[in-house]
Protein chains: 10
Amino acid sequence: MPKPELLETFPTPVEAPFVVEHVAEEFTSVCPKTGHPDFGVVTLRFVPRPPSKGGTCVELKSLKLYFQSFRNEGIFYEAVTNRIRDDLAACMNPEWMLVKTDWTGRGGIRSTIRAMHRTVPERWQD
Amino acid sequence: MPKPELLETFPTPVEAPFVVEHVAEEFTSVCPKTGHPDFGVVTLRFVPRPPSKGGTCVELKSLKLYFQSFRNEGIFYEAVTNRIRDDLAACMNPEWMLVKTDWTGRGGIRSTIRAMHRTVPERWQD
Amino acid sequence: MPKPELLETFPTPVEAPFVVEHVAEEFTSVCPKTGHPDFGVVTLRFVPRPPSKGGTCVELKSLKLYFQSFRNEGIFYEAVTNRIRDDLAACMNPEWMLVKTDWTGRGGIRSTIRAMHRTVPERWQD
Amino acid sequence: MPKPELLETFPTPVEAPFVVEHVAEEFTSVCPKTGHPDFGVVTLRFVPRPPSKGGTCVELKSLKLYFQSFRNEGIFYEAVTNRIRDDLAACMNPEWMLVKTDWTGRGGIRSTIRAMHRTVPERWQD
Amino acid sequence: MPKPELLETFPTPVEAPFVVEHVAEEFTSVCPKTGHPDFGVVTLRFVPRPPSKGGTCVELKSLKLYFQSFRNEGIFYEAVTNRIRDDLAACMNPEWMLVKTDWTGRGGIRSTIRAMHRTVPERWQD
Amino acid sequence: MPKPELLETFPTPVEAPFVVEHVAEEFTSVCPKTGHPDFGVVTLRFVPRPPSKGGTCVELKSLKLYFQSFRNEGIFYEAVTNRIRDDLAACMNPEWMLVKTDWTGRGGIRSTIRAMHRTVPERWQD
Amino acid sequence: MPKPELLETFPTPVEAPFVVEHVAEEFTSVCPKTGHPDFGVVTLRFVPRPPSKGGTCVELKSLKLYFQSFRNEGIFYEAVTNRIRDDLAACMNPEWMLVKTDWTGRGGIRSTIRAMHRTVPERWQD
Amino acid sequence: MPKPELLETFPTPVEAPFVVEHVAEEFTSVCPKTGHPDFGVVTLRFVPRPPSKGGTCVELKSLKLYFQSFRNEGIFYEAVTNRIRDDLAACMNPEWMLVKTDWTGRGGIRSTIRAMHRTVPERWQD
Amino acid sequence: MPKPELLETFPTPVEAPFVVEHVAEEFTSVCPKTGHPDFGVVTLRFVPRPPSKGGTCVELKSLKLYFQSFRNEGIFYEAVTNRIRDDLAACMNPEWMLVKTDWTGRGGIRSTIRAMHRTVPERWQD
Amino acid sequence: MPKPELLETFPTPVEAPFVVEHVAEEFTSVCPKTGHPDFGVVTLRFVPRPPSKGGTCVELKSLKLYFQSFRNEGIFYEAVTNRIRDDLAACMNPEWMLVKTDWTGRGGIRSTIRAMHRTVPERWQD
C-alpha cells in the first residue's frame, strides 16, 4: 500500500527559488486488472516554497522508500501518477510540481502520464 | 567543510560583456542522511561584472580546490547547489549566474537542481 | 606573446553581406597560474564590412600563425577570448563578431567562454 | 578559371513556387596564398522565378562542369562563395538563393561561409 | 518465494537440435541484506533434449510467472542465478544451458553473474 | 494453418554453390496459450542444391504467402521455427539451412530460436 | 536484357597481385513474378590475373552501363547474382571473385545472395 | 585507509562453477603526489571456489563500504589495483580473479590498470 | 603528372622495427575515360627498413606534394594504387607496405583497391 | 627539448604481473620541416618488472611533465615515438612496452606510429 507517511522533508535551504528534478528509474507496481507487475520511470519536477513561507523539500531516501511502497499495490498507471502528485503536494506544498510516469510496456503498448500541481511553466512540462 | 575562502578572483579583463561556463565533472560530497558519498556534475554559467564596476572572475584552480572542499561534507543536493550559488555570488557579484547540479543517482533515483542569481536569460537556463 | 601584427586581411570581395565561420581545433596556450598547457577550440563567426566602407576579411594562414603565437603565452581563458575578439575587431572592424572558446578541461573542469563585438544576432550566438 | 558560360538553364516548369537544393560534396579549388588544394562542400538552395517572369532553373550536369572549372583556380574561400552566388544569380535570377561552403580544414582550421541573394527566409539559412 | 512448480513444459517439437534464447528484461527481487529491491535482466540460453529422450521446452507464460515469483524474495544475485539454473535444469533437463543475470546497480555497483548447466559451447557463453 | 503447399520453387540457376539469405521482418502468429498475437523476424539462410542434383530455390512471393499463412495459427515459437525449417527443407532440400526467429517480446520476455538443417558452417550460424 | 558485350577491360597494370572492390549502390531489375522493380546493392570483389597471363580489369564506366542493362529485365535475385558472376568471370578471368547482392526488401522480406568464382579466401567472403 | 576488515562473504551457493562480475563506477581515492582526488571505475571478475572447498563470494554492500574506505587514502593507481586484488583474494580465495581500474584522467592522461589472481582465461581478460 | 622525384626521405631513426600508417583523406586525380575528377582516401602502411640496412622513412610534407602531383593526371584507380606502391617502394624499400585506396564513387559505384609490397602480415591488411 | 631526467619512478608495488596503460590525449610538438605545431595522442602500454628484479613504474605527474618537454621540440612523428619508447624503456626496463602515437593531421594526412620494446603480446598491440 502506498505509504505517504514514509515521506520526510527538510526546510527549503534558501529563500531564492530553484528547480528540483528527481528521476526514479526503477519504479514498479502491479496491474489491478491482470495482477502482472508494471515497470516505469517516475519524474518529479518542482520549485519548493521558500523557507519564509514554511517551504520544504522532500528527502531523497524517504522518497525512495515511498516509491517502494507501491511495489505490491494493484493500481492503474493514471492512479499511480495522480496519487504521487497528491501525496507529494500534500507533504511539500510546492510552488508548482510536475509528475510524469513513463511505462515500459504491456502487451506491446507503452504509456506516458503527466499530472501537474498548480501552474507548471510551459518550458518545464516536457 | 566548504571553504569559500579558497576562492580567488581576478579582475574582469574587458569592459564588454561575455558569458563564462565552467563544468566540473567530478564533484563529490556525502549524503547527510546515509553517510554514503554522492557524485555529481556542477555547471556554472555567468556574465561577470565589467571592470569599471569592480567586476571579477573566479580563478579556475581555486574553483577546483573550493569544489574539493565539499568532499567529506554531509550536505543535501539542494543545499550544495544553493551554497555554491551563494558563495560564488558573494565573491564575484556577477551580472547573473546559473548553478546546475546533476547527480548520478542513489537508490535508483537521479536528480538535477538549478539555482539562479539575479535574472538568468531564458536561453541560458538549460 | 600574441602577435596581432601577424594578422593579414584582404578586401571584402563583394558588397552583399555574408557570414564567415572559422573553427580552430588545435589552439593551445599556457595557464598563468600553474604553468601547464591549456588546449581548446576557438570558433570565430562574423559578417565582414562591405568593401565600400573599407571592409576586410582576415586571411586564413595569417590567422593560423596568429593563433600559434599564443602557444607559450601564460594567459587566462577569459583573457584569451577577449584578446582574440579585440585583435580581430581592430584589424577587420566587422559588422558583428562572436569569439567562442571551448577548453578541454583542467583538474576535471571544462570551460566555454563567449565574447561578442557589436550586436551578434541571437541565432548566431550558440 | 571559373567558367560561368558553362552554366545552362531550362525554363521553370510550373508557376507555383518550390525550393531547390543542390549539394556538391567534392568541390576543390586552390589556395591563392599557399598554392595548396582546398576541399569543400557547396550547398545551393533557391526558389526559382516562375515561368511567367522568365524564370529558369540551372541544369545539373552544367552545374557540375561549372564547379569543376574552379579545380585549378587560386581563390579565397570567401571569393569562391560569392563568385558562385553571383554567377548563379546572374544566370537564373531566382527569387532568393543561399550559397554555403564548408571547407574541410587547412592548418587545423575549418571554415564555413554563407552568402545570400535577396532575402533568404530565416528557416532556410542554416 | 520462488515457485518452480509454476514452470510448465511442452514436448520438444522436433528431433533435430535447436538453440533457444529467452531474455527477461524486467526481473526484480529483494536484497536479503538491505531489504531494498534489485532489478535485473535474465538471459536463458539452451538446447532442449530431443523428444525421443523425453525432452521438453519451458512454456513462456509459465516462465514469466516463475520469474515473478521472485518479486518479494530476499535473495543474493549469485543465488538467484544458480536457483534459476537449477529449477530450469530440473524441469527441462536440457542438453546444455546458460543463465546470465545483469543487475542495474546498487550503491554505484552493477553486476553480471553467469551460471551454466553441463558444457556450454564457447560461442554461446557471452 | 501454415500452408507449405503455397511454397513454389524454381530450379537453381547455376551449378556453382552460392549462399542465399532472406529476412522477413513482419512475421506474426498467435500464442497458443494466451491467444495474443506474437511478432517476430524470420531469417532464412541456405545453400541450394545444384541443378544437376535437381536443386531448387524458394520463390520469394510464395515464401511471403507461406509466412502469411501463420497469421492466425496458435503455435509456440519453437514450433514455428522448426515447422519453417521442415517445410522449407522438404520443398528445397538444400545443402544446409539455418532458420532463426527473433520475437519482440511478450510479458517482458523476448526470445530467439535457431533451428538447422544438416551441418551449417560455423560462420553462418549467427 | 543484360548486355555483357558492354563490358570493357584494360590490361592489369602490374604483375603483383592486388584486391579490387566495386560497390554499386543503385542496382535495379524487375521481379519476373510480379513485375515490380527490385532495388539492391551489388558488391564485386576480385584479384585480377597478372598481365603476364593476359590478365585484365573491368573498366568502371562500362561496368556501370552493364549494370544498367538489367534495368528492365525480369530476373530472380539468385539469377542476377550468378549471371553477373558468370559474365564478369568470362570477360576478366580473375584469380578469384565474389559477387554479393543485397536487396532492400519486397513484401517485408530482404535478401542477400553470395556467388563465388574459384576459391575466395575466407577473409574476403563477408 | 583501505579497510579489508569491512569485507564480508557468504558461502558460494552451489557446487557448479559460475562467473561473477561487479563494476563499481564511482570509485575515488587521492593522488599521493599532488593530494588531488582521483576518480575511476573498478571492475572485479572472478569464479568463486565451490562450497565443498570452503568457497565464498564477497557480499555486495560490504564491497561498497570497502571501496569507500579508499576515499581519503593517498595511493597510486597501480597500488590501488593490486591492493584490491590482494584483499579480495585473501578474503575469497577465488579460482581466478581479474581487477581492472579505469581512471578518468589527470593532467590530460587517462589510465587503465589490470591485475590478476591465478590464471585468468584469455576471454575474461578484457 | 605523378612526380616521384618530389618524395623525400629521412633515415629510419632507430634499429628496432615499428609500424607507420599515413592516411591521406583528400586525394584527387582524373578519370582517363570521362575526364571527370575522382576523389579518394589513400592509406599507406609499412615497416621501414632499419638504419643499419640503409632504411629510410618518407617525409610527410613531401608525401603530400607527391600526392598533389596526381591532381590533373588521367589515370585509373588500379593504376593510381599500384603507381603509389611502386614509387614509395622504390624510394623507401620498406620491410613490407600496404597501399589502400577508397574511392567515393562515380556513377553510383564506389571502389576500394589494395596493393602490397612484399608480405604484409594478415593483421595489417584491412 | 625532451627531458627524460623529468621522469620519476616508484617501485613496482607487487610481485604479480599486471598491465598498465596510460593515454595522453594532449600531446604536442613541432614539425622540424615546417615549424608548425603537431598534435597527437600518445598511448603507453606495459607490464612492469617485478620488485624482486628491481622493477619500477613511471609516476604519472612526472610523465605529464616529460611529455610537456616536447612542446617546442622540432621532431618527426617517427622520432617522437621511438624517443618515448627509448626514454621509458631506459627508466623503467619493463617486461614489454608498446608506444603508439596518433596524429590529428597535417596537410590532410593523419598518421599512426607504433613502436615496441621487447615482445609485445599480439592481443596488446592494437
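Residues numbered from 1 in each chain as written. Chains lettered and ligands numbered in written order. Predicted model: local features only at pLDDT ≥ 70, side-chain atom pairs only at ≥ 80, totals over all residues. Heavy atoms only, no water.

### Brief notes about the overall build of chain A
Along the backbone of chain A there are two helices and six strands. Shown N-terminal to C-terminal, the secondary structure of chain A runs as helices and strands in the order β-β-β-β-α-α-β-β. For chain A, whose C-alpha radius of gyration is 15 Å, the value lies close to the compact-globule estimate of 14 Å for 126 residues. Based on the C-alpha atoms only, the size of chain A along its principal axes is roughly 50 × 30 × 20 Å. (Helix = DSSP H or I, 4+ residues; strand = E, 2+ residues; numbered from the N terminus. Rg over C-alpha atoms; globule rule 2.2 N^0.38 Å.)

### Here we look at the interface of chain D and chain C
Facing the 23 residues of chain D at the interface are 25 residues of chain C. Summing both partners gives a buried area of about 2,100 Å² for chain D against chain C, and 56% of it is carried by carbon and sulfur. Counting the surface chain D buries against chain C, the share from its top three residues, Glu78, Ile109 and Arg110 of chain D, is 28%. Scanning the region where chain D abuts chain C turns up four salt bridges. Across the salt bridge formed by Asp126 of chain D and Arg123 of chain C, the nearest N and O atoms sit 2.6 Å from each other. Contributing elements (two or more residues each) for the side of chain D that touches chain C: helix 2 (77–92) and strand 6 (109–117) of chain D. At eight residues, the largest contribution of residues to the side of chain D that touches chain C is made by strand 6 of chain D. When the residues that make up the side of chain D that touches chain C are grouped by side-chain class, the tally is seven nonpolar, seven polar and nine charged. (Contact = heavy atoms within 4.5 Å. Buried area = accessible area lost by both parts, 1.4 Å probe. Salt bridge = Lys/Arg side-chain N within 4 Å of Asp/Glu carboxyl O. Nonpolar A, V, L, I, M, F, W, Y, C, P; charged D, E, K, R; others polar.)

### Thoughts on the side chain of Arg85 of chain A
Secondary-structure assignment places Arg85 of chain A in helix 2 (residues 77–92). Residue contacts for Arg85 of chain A: discarding those within four places in its chain leaves Met97, Val99, Ala115, Met116 and His117 of chain A.

### What about the arrangement of the chains?
A minimum C-alpha distance of 34 Å separates chain D and chain F, which share no contact. Nothing in chain A touches chain G, and the closest approach of their C-alpha atoms is 20 Å.

### Here we look at the relation of the copies chain D and chain C
Between the two copies, chain D and chain C, the superposition gives an RMSD of 0.1 Å; the rotation angle is 60 degrees and the shift along the axis is 0.4 Å. Considering both components of the superposition, the chain copies are consistent with a six-fold axis. Residue Arg123 of chain D of chain D places its C-alpha closer to the rotation axis than any other residue of that unit, at 11 Å. (Least-squares fit on C-alpha atoms with pLDDT ≥ 70 in both.)

### Focus: the interface of chain J and chain I
Between chain J and chain I, the residue contacts involve 23 residues of the former and 25 residues of the latter. The junction of chain J with chain I conceals about 2,000 Å² of combined surface from both sides, 56% of it contributed by carbon and sulfur atoms. Sorting the residues of chain J by area buried against chain I places Glu78, Ile109 and Arg110 of chain J first, and these three jointly supply 28% of that buried surface. The tally of links from chain J across to chain I stands at four salt bridges.

### A short note on unusual backbone geometry
Residues and elements named next belong to chain F. The backbone of Arg118 shows a phi angle near 55 degrees, a positive value even though the residue is not glycine. Looking at the secondary structure, you find Arg118 in the segment after strand 6 (109–117). A relative accessible area of 44% means that Arg118 is categorised as partly exposed. (Buried < 20%, exposed > 50% of the residue type's maximum accessible area, 1.4 Å probe, protein only.)

### Some words on the environment of Val14 of chain C
Take Val14 of chain C: it is sitting in the loop between strand 1 (9–11) and strand 2 (18–30). Sequence spacing of Val14 of chain C and Pro51 of chain C is 37 residues, and the spatial spacing of their C-alpha atoms is 6.6 Å.

### Here we look at the environment of Arg45 of chain E
Residues and elements named next belong to chain E. Here Arg45 lies in strand 3 (residues 37–47). The class for Arg45 is buried, based on a relative accessible area of 9%. Note: C-alpha distance between Arg45 and Met97 (52 residues apart in sequence) is 5.5 Å. Ignoring sequence-local partners within four residues, the contact set of Arg45 consists of Val19, Val20, Glu21, Trp96, Met97, Leu98, Trp124, Gln125 and Asp126. Among the polar contacts made by the side chain of Arg45, one reaches the main-chain carbonyl oxygen of Trp124 at a distance of 2.4 Å. (Polar contact = N/O pair within 3.5 Å; in protein donor to acceptor, adjacent residues only side chain to side chain.)

### A closer look at the packing of helix 1 (residues 60–68) of chain E against helix 2 (residues 77–92) of chain E
In helix packing, the relevant descriptors are the interaxial angle and the interaxial distance, both defined with respect to the helix axes. Residue and element names in this part refer to chain E. Where helix 1 meets helix 2, the closest approach of the two axes is 12 Å, and the angle between their N-to-C directions is 145 degrees. The handedness of the crossing between helix 1 and helix 2 comes out as right-handed. Contacts between helix 1 and helix 2 pair Leu63, Tyr66 and Phe67 from the former with Arg83, Ile84, Asp87 and Leu88 from the latter. Across the contact of helix 1 with helix 2, the residue classes break down as five nonpolar, no polar and two charged. (Axes fitted to C-alpha atoms, helices over the stretch in contact; angles between N-to-C directions. Left-handed = near helix turned anticlockwise from the far one by under 90°.)

### Considering helix 2 of chain A
Here helix 2 of chain A spans 23 Å end to end across 16 residues, near enough to the 22 Å set by a 1.5 Å rise per residue. Just past helix 2 of chain A, the residue Asn93 of chain A takes up positive phi, approximately 50 degrees. (Expected span 1.5 Å × (residues − 1).)

### With respect to the packing of aromatic side chains
Remark: the centre distance and the inter-plane angle together describe each pair of aromatic rings, the angle taken between the planes. Evaluation of the coordinates by the stated rule reveals 82 aromatic pairs over all chains. Arranged with centres 4.2 Å apart and planes meeting at 5 degrees, the rings of Phe76 of chain H and Phe10 of chain J form a pair that is stacked. Taken together, the positions of Phe76 of chain H in the loop between helix 1 (60–68) and helix 2 (77–92) and Phe10 of chain J in strand 1 (residues 9–11) put the pair across two chains. By relative accessible area, Phe76 of chain H is classed as partly exposed at 22%. (Phe/Tyr/Trp six-rings, centres within 6.5 Å; stacked < 30°, edge-to-face > 60°.)

### Here we look at the confidence of the model for chain A
On average, chain A scores 93 in pLDDT, and the residues at 70 or more come to 98%. At the level of chain-chain contacts, confidence expressed as ipTM amounts to 0.90, with global pTM at 0.90. (pLDDT = per-residue confidence, 0-100.)

### Description of the pattern of salt bridges
Under the defined criterion, the tally for this structure stands at 74 salt bridges over all chains. Connected through shared salt-bridge partners, Arg123 of chain A together with Glu122 and Asp126 of chain B make up one network.

### Regarding the pairing of strand 3 (residues 37–47) of chain B
Look at any regular strand and the pattern is simple: side chains alternate between the two faces of the sheet. Residue and element names in this part refer to chain B. Taking burial as the measure, the eleven residues of strand 3 include ten buried ones, the bulk of the element. Two strands pair when backbone bridges link them, and strand 2 (residues 18–30) and strand 3 are joined in this way by nine bridges, in the antiparallel orientation. Paired with Val23 across the strands is Thr43, a residue of strand 3. A loop of six residues connects strand 2 with strand 3, the two strands running antiparallel in sequence, and Gly35 in this loop sits at a positive phi of about 80 degrees. (Pairing = 2+ DSSP bridges.)

### Description of the environment of Asn93 of chain B
Residues and elements named next belong to chain B. Note that Asn93 resides in the loop between helix 2 (77–92) and strand 5 (96–106). The class for Asn93 is partly exposed, based on a relative accessible area of 31%. Residues Asn93 and Val42 lie 51 residues apart in sequence; the distance between their C-alpha atoms is 19 Å. Apart from the residues lying within four places of it in its own chain, the contact partners of Asn93 are Arg49, Leu88, His117 and Arg118.

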